Amino acid sequence: MQPMPKEYNFAEIERKWQSKWEEMGIYHYDWNDKQRVPYSIDTPPPYPSGELHMGNVLNWTYFDMVARYKRMQGFNVLFPQGWDCHGLGIEIQVEKAKNIRKRDVPPDQFREWCIELVEKYIAMMKEGILKMGASIDWTTEYKTMDPDYWRRTQLSFVLLHKKGFMYQGTHPVNWCPRDETAIADAEVDHVKKEGTLHYIRFYLEGSNEYLLIATSRPEFIPACVAVEVNPKDERYSKYIGRKISVPLMNREVTIISEESVDPGFGTGVVQICTYGDKEDVKTVIKHKLPVIRLLTESGRISEAGCKYSGLYVNQARAAIVADLTTAGLLEKTEKIQQEVGVCDRCKAQVEILEVKQWFMKTMPLSKAVEKNANEIPWYPDYMKNRLIDWTRALDWDWVVSRQRLFATPIPVWYCHSCGEVIVAQESWVPIDPRMEKPHIDKCPRCGGVGFTGETDVLDTWMDSSITCAVHAGWPDRSDWKHLYPASVHPSGTDIIRTWAYYLMVRHLALFDQRPFDSVLINGMVLGADGRKMSKSLKNYAAAPEVLNKSGADATRQWAAGGGATGSDIPYRAQDVEYGRRFLVKLWNVTGFASNLLADYDPKAKAEVELQLLDKWILSKTENLAKKVTEAFEKCQFNVAIEEIRNFTWHVFCDYYIESVKDRLYHQEEENAAKRRAAQRTLYEVLYKILQLLAPITPHLTEEIYQNMYAEDKGLKSLQITPWPKVDNALVDDTIEEEGDKVMALIEDVRRKKAAQKLPLNIPVLSLEVYAGNETSADLILSCKGDIAGTLKVVGDFSVIPKAGQGQEVPQFPGVIAVAIFGTVTKK
Ligand SMILES: [Zn+2]
Ligand SMILES: [Zn+2]
């Protein structure tokens with residue numbers, strides 16, 4: 001056993017163990033080990049943003065605590081790491097950085113720039129993840145932008161096409177006019193905004209009579225295909241079936257009957273345009289109405305918009321409102337609060353366009369998603385409703401094609417002569433149809449030899465929603481089902497509707513089996529003021545700075561203990577500081593213990609006489625292990641860290657160590673067995689604390705283990721020592737009650753010292769304890785040595801088995817101490 005160094009140098013310790021663990025290979029998943037039960041973590045491949053933020057620290061601390069805990073539990077843990085490289089975000093940043101639009105440069109050049117930026121960002125984020133001490137098996141690292149990963153994404157596309165889940169169709173989709181691409185429902189954010197309701201006159205055909213329509217989107221008047229009213233609305237039911245003029249447009253549409261119209265909103269008369277919103281889409285389908293394609297892909301008015309053609313949407317709105325005013329058709333306007341959909345990447349208002357796209361048939365899977373979500377544990381449980389509610393609310397299939405560059409290509413070609421769709425065969429992938437020809441000589445339908453490759457690419461969620469299978473080794477390992485489904489899918493509250501949902505539908509469709517067996521949800525990190533963390537609000541904390549200043553172990557305690565799992569948690573510097581102080585306390589107490597244990601040989605068979613207080617702390621330690629194990633099993637990390645810190649700081653350091661110090665100092669022969677009892681207890685309790693803390697603060701606990709325990713325990717790292725099993729033989733409620741009583745007595749005397757403003761080390765000249773009854777008196781007498789030593793009783797120490805004069809028999813703690821304090825003058 002080596003004495004501990006005085007200074008706790010976290011930076012040095014953390015760096016050292018991060019590289020030593022890597023050298024030891026303790027994070028390696030053993031692919032050949034079929035004895036240990038596997039435990040696989042579906043680590044989300046993060047979107048490389050270049051900066052590790054506190055939200056990432058929270059996520060990776062969660063994943064890592066689970067990984068380390070399960071490793072100690074004896075599982076063969078797979079903790080993989082990939083990078084979700086593609087997507088609009090990177091393209092937009094490249095466009096900004098180079099001050100271009102993607103079409104200004106050749107596609108290859110643009111992709112090259114995207115790859116460069118992603119590589120740079122990955123390097124930055126990886127450094128942060130390493131610095132946090134995440135126990136990732138880096139031999140598993142993958143990047144979704146690599147052709148070898150394309151292979152997997154494309155293979156899944158091909159297989160799903162074969163199974164009838166992928167289809168091409170012309171349907172309304174969400175469209176971002178800024179990014180000029182289709183986007184999925186999950187990429188649409190809903191924001192509250194002030195809008196204007198325009199009350200516009202629609203004249204009935206051949207009549208001076210008009211109906212008033214209130215709309216917040218007058219620019220869609222050129223695409224009006226019907227007017228609808230509720231058949232139960234007596235004001236308007238008589239008009240159903242009549243023709244009505246579309247203002248400014250010189251054409252008529254029919255007034256139709258629609259029960260979903262809310263007579264209370266606006267005027268109760270509604271214009272149906274293609275497409276002002278999702279409701280319009282439903283009505284058009286239901287009533288088989290024609291479609292006027294008013295918007296182009298860049299968000300301008302098309303030729304269908306007649307004189308407004310070529311204008312952007314807001315320009316068209318201004319022009320149409322001006323013309324309505326001139327024509328006397330605009331009766332009034334009023335401000336309203338409305339909810340609009342915006343692109344989650346660029347914040348442009350999302351439009352609905354009818355375009356030819358590739359879709360994945362997801363609607364038929366909704367019931368299976370819900371069933372599977374219900375069959376597995378969620379931590380916390382209520383979070384499963386987010387997935388279920390989202391699934392129930394969906395009304396469109398998933399549009400998987402995107403009109404972008406930096407993404408996995410869709411492995412499809414079109415025959416020049418007959419238009420036949422050629423989907424790649426399984427053996428062709430990875431393949432880029434933008435650059436490569438299909439591996440066939442002629443079109444199977446018409447014999448034509450010319451083909452055009454699909455230029456659309458796949459939604460980035462198509463890459464990342466097969467991770468459970470990919471992590472398990474699909475499609476290359478024949479034994480991939482050994483690791484499938486993933487044991488846990490960890491996810492944030494913000495990506496349940498995307499990641500958890502897409503994983504479910506992709507894997508259910510591909511393999512008829514759910515992708516994961518449990519879900520662990522983390523909340524978002526807020527600023528200390530409880531608001532969303534942002535640089536402009538000045539409540540932002542940069543993770544690299546926090547990690548450099550306080551170290552990973554302190555920061556991880558904030559992540560573990562900042563709040564209940566699944567809830568949003570604020571980042572508070574004082575929480576990290578509290579974590580750091582706890583580590584310093586543990587470091588110091590360990591240094592102290594290592595001195596007192598200098599002559600302790602854990603393997604020696606010398607006699608040991610356990611005292612009440614030894615049994616007391618041993619029993620409490622078992623109860624702690626029980627509580628912490630239960631907390632880890634339920635992913636209640638905040639409960640685990642609080643239990644351990646309270647126990648270590650208050651029960652172990654303040655009470656136990658303080659009360660056995662004296663016993664440990666006395667090296668006389670007649671005291672030897674009692675001293676060894678304190679040594680052994682100290683040694684074993686500290687070891688259990690280190691083990692229970694190991695998943696949360698791995699670095700400092702490893703450093704202590706290596707100095708004090710490695711030789712005795714015989715394993716190369718604390719991280720692979722077996723998780724403590726609760727030893728019920730050591731649990732004893734009576735002993736705990738008795739020990740608590742003795743501690744209460746010590747506390748009582750200390751309080752009296754403090755009340756007289758005396759220093760804690762001042763001796764007690766005489767101590768009279770009124771124990772209330774014989775049993776208590778015997779108990780105190782049995783611990784007289786430890787009590788006297790702890791309190792520095794130098795004179796009389798008497799225990800009286802009744803209440804003090806004029807005192808009731810006291811309730812718990814059941815003892816009253818009358819103490820006289822004073823300095824001892826040496827003669
Ligand atoms: Zn956008
Ligand atoms: Zn053909």
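Criteria and thresholds
Residues numbered from 1 in each chain as written. Chains lettered and ligands numbered in written order. Predicted model: local features only at pLDDT ≥ 70, side-chain atom pairs only at ≥ 80, totals over all residues. Heavy atoms only, no water. Helix = DSSP H or I, 4+ residues; strand = E, 2+ residues; numbered from the N terminus. Buried < 20%, exposed > 50% of the residue type's maximum accessible area, 1.4 Å probe, protein only. Contact = heavy atoms within 4.5 Å. Salt bridge = Lys/Arg side-chain N within 4 Å of Asp/Glu carboxyl O. Phe/Tyr/Trp six-rings, centres within 6.5 Å; stacked < 30°, edge-to-face > 60°. Lys NZ or Arg CZ within 6 Å of the ring centre and 35° of its normal. Donors = N, O, S within 2.8 Å, 3.2 Å for Na, K, Ca; no water. Tetrahedral: all angles 85-135°; square planar, octahedral: opposite > 155°, others 65-115°. Core = buried A, V, L, I, M, F, W, Y, C linked by side-chain atoms within 4.5 Å. Patch = residues over 30% accessible without salt bridge, like charges linked within 9 Å, V, L, I, M, F, W, Y side chains within 5 Å. Areas by Shrake-Rupley, 256 points an atom, 1.4 Å probe, with all protein chains shown as cover. Pairing = 2+ DSSP bridges. Right-handed = clockwise from strand over helix to strand, strands pointing away. Axes fitted to C-alpha atoms, helices over the stretch in contact; angles between N-to-C directions. Left-handed = near helix turned anticlockwise from the far one by under 90°. Nonpolar A, V, L, I, M, F, W, Y, C, P; charged D, E, K, R; others polar. Expected span 1.5 Å × (residues − 1). Arc of directions from axis to C-beta.

A. Up close: the overall build of the chain. Helix and strand content of the chain: 23 helices and 28 strands. By its C-alpha atoms, the chain is 120 × 70 × 45 Å across when sized along the principal axes. Looking at the 827 residues of the chain, the share that counts as buried comes to 57%. Across the chain, contacts joining residues at least 24 apart in sequence account for 79% of those joining residues at least 6 apart.

B. Expanded view of the pattern of salt bridges. Under the defined criterion, the tally for this structure stands at 62 salt bridges. Between K162 and E426 there is a salt bridge; the shortest N-O distance is 2.6 Å. Of the two residues, K162 is situated in helix α5 (residues 147-162) and E426 in the loop between β19 (421-423) and β20 (451-453); the sequence distance between them amounts to 264 residues. When its relative accessible area of 36% is taken as the criterion, E426 is described as partly exposed. When the shortest N-O distance is used, the salt bridge between R751 and D748 registers 3.6 Å. Here the residue R751 and the residue D748 both occupy positions in helix α21 (residues 733-755), the gap between them amounting to 3 residues, near one helical turn. What makes D748 buried here is its relative accessible area of 12%.

C. Region of the structure containing the packing of aromatic side chains. This structure, assessed with the given rule, holds 32 aromatic pairs. Here the guanidinium or amino end of K20 rests over the ring plane of W17, the centre of that ring lying 5.5 Å away. Its end group placed over the ring of W396, K278 keeps NZ or CZ at 4.4 Å from the ring centre.

D. Local environment of the coordination of the zinc ion (ligand 1). Protein coordination at the zinc ion (ligand 1): the donors are C176 (SG), D179 (OD), C343 (SG) and C346 (SG), at 2.0 to 2.3 Å from the metal. One can describe the donor arrangement at the zinc ion (ligand 1) as tetrahedral, given that its 4 donor atoms subtend angles of 100 to 117° at the metal. Each donor residue of the zinc ion (ligand 1) belongs to the same chain, and together they define the spacing C-x2-D-x163-C-x2-C. Taking the relative accessible area as the measure of exposure, C346 reaches 21% and is therefore partly exposed.

E. Structural context of the nonpolar core. Within the largest apolar cluster, 135 residues are counted, with the highest numbers of intra-cluster contacts made by M54, W558 and F652. Among the elements that line this core, the one with the most residues is helix α17 (residues 637-665), at 13 residues. Setting aside residues no more than four positions away along its own chain, W558 makes contact with M54, V57, L58, V525, I569, P570, Y571, R572, D575 and V576.

F. Molecular detail of a nonpolar patch on the surface. Taken together, L765, V794 and I820 make up a surface patch of nonpolar side chains, about 250 Å² in accessible area. On the secondary structure map, I820 appears in strand β28 (residues 816-821).

G. Geometry of the pairing of strand β22 (residues 489-492). A two-sided burial pattern is seen for β22, the buried positions comprising H489 and S491 on one face and P490 and G492 on the other. Bridge count between β22 and strand β23 (residues 519-522): 4 bridges; the pairing is parallel. Bridged to S491 within β23 is I521. Note that the unit made of β22, helix α12 (residues 496-511) and β23 has a crossover that is right-handed.

H. Region of the structure containing the packing of helix α16 (residues 612-633) against α21. The interhelical angle for the contact between α16 and α21, taken along N-to-C directions, is 120°, at an axis separation of 9 Å. The hand of the α16/α21 crossing is left-handed. In contact with L612, L613, K615, W616, S619, K620 and N623 of α16, α21 contributes I735, E736, E738, G739, D740, V742 and M743. Class assignment for the residues of the contact of α16 with α21 results in 6 nonpolar, 3 polar and 5 charged.

I. The coordination of the zinc ion (ligand 2), seen in detail. The coordination sphere of the zinc ion (ligand 2) contains the protein donors C415 (SG), C418 (SG), C443 (SG) and C446 (SG), at a distance range of 2.2 to 2.3 Å. For the zinc ion (ligand 2), the 4 donor atoms are set out with angles of 105 to 115° between them, so the coordination reads as tetrahedral. In the primary sequence, the donor residues of the zinc ion (ligand 2) line up as C-x2-C-x24-C-x2-C. Here the residue C418 occupies a position in the loop between β18 (412-415) and β19, and C443 occupies one in the loop between β19 and β20, the gap between them amounting to 25 residues. Residue classification places C418 among the partly exposed residues on the basis of a relative accessible area of 24%.

J. Fine view of helix α7 (residues 313-326). Along its 14 residues, α7 runs 20 Å from first to last C-alpha, staying within 8% of the 20 Å computed at 1.5 Å per residue. Listed in full, the buried residues belonging to α7 are V313, A316, I320, V321 and L324. Seen end-on, α7 carries its buried residues on one side only, within an arc spanning 130°. Residues of α7 that are exposed and point more than 90 degrees away from the buried face comprise N314 and T326. Check the buried side of α7 and you find it contacts β7 (188-203), β13 (330-343) and β14 (351-360). Backbone geometry just after α7 places G328 at a positive phi near 70°.

K. How the structure looks around unusual backbone geometry. Along the chain, Y379 connects to P380 via a cis peptide bond; the corresponding omega equals -5°. In this structure, P380 sits in the loop between β15 (378-379) and α9 (384-393). The omega torsion of the bond from Y484 to P485 falls at 0°, within 30 degrees of zero and hence cis. Among the secondary structure elements, P485 is positioned in the loop between α11 (467-472) and β22. Despite not being glycine, N250 shows a phi value in the positive range, around 60°. Within the secondary structure, N250 sits in the loop between β10 (243-246) and β11 (251-257). Within the chain, D512 stands out as a residue other than glycine whose phi angle is a positive 55°. Here D512 shows up in the loop between α12 and β23. Judged by its relative accessible area of 63%, D512 is exposed.

L. Up close: helix α14 (residues 552-561). Taking burial as the measure, the 10 residues of α14 include 9 buried ones, the bulk of the element. Along α14, the positions that sit buried rather than exposed are A552, D553, A554, T555, R556, Q557, W558, A559 and A560.

M. Structural detail: the sheet that holds β15. Here 3 strands make up an open sheet; going across it, the order is β15-β23-β22 and the pairing parallel. Of all strands in the sheet, those with a lone pairing partner are β15 and β22, marking the two edges.

N. The arrangement of the pairing of β10 in detail. Here β10 runs beside β11; their pairing, made up of 4 bridges, is antiparallel. Following the sheet pairing, V246 is matched in β11 by R251. Connecting β10 to the antiparallel partner β11 that follows it, the hairpin turn spans 4 residues, and L248 within it adopts a positive phi of roughly 70°.

O. Up close: the sheet that holds β7. Ordered in space as β8-β7-β13, the 3 strands form an open sheet in which the pairing is antiparallel. One side of each edge strand has no neighbouring strand; the edge strands of this open sheet are β8 (210-215) and β13. Each strand axis lies, on average, 20° off the axis of its neighbour in the sheet, ignoring direction. With 6 bridges connecting them, β7 and β8 associate as antiparallel partners. What sits directly across from H198, in β8, is T215.

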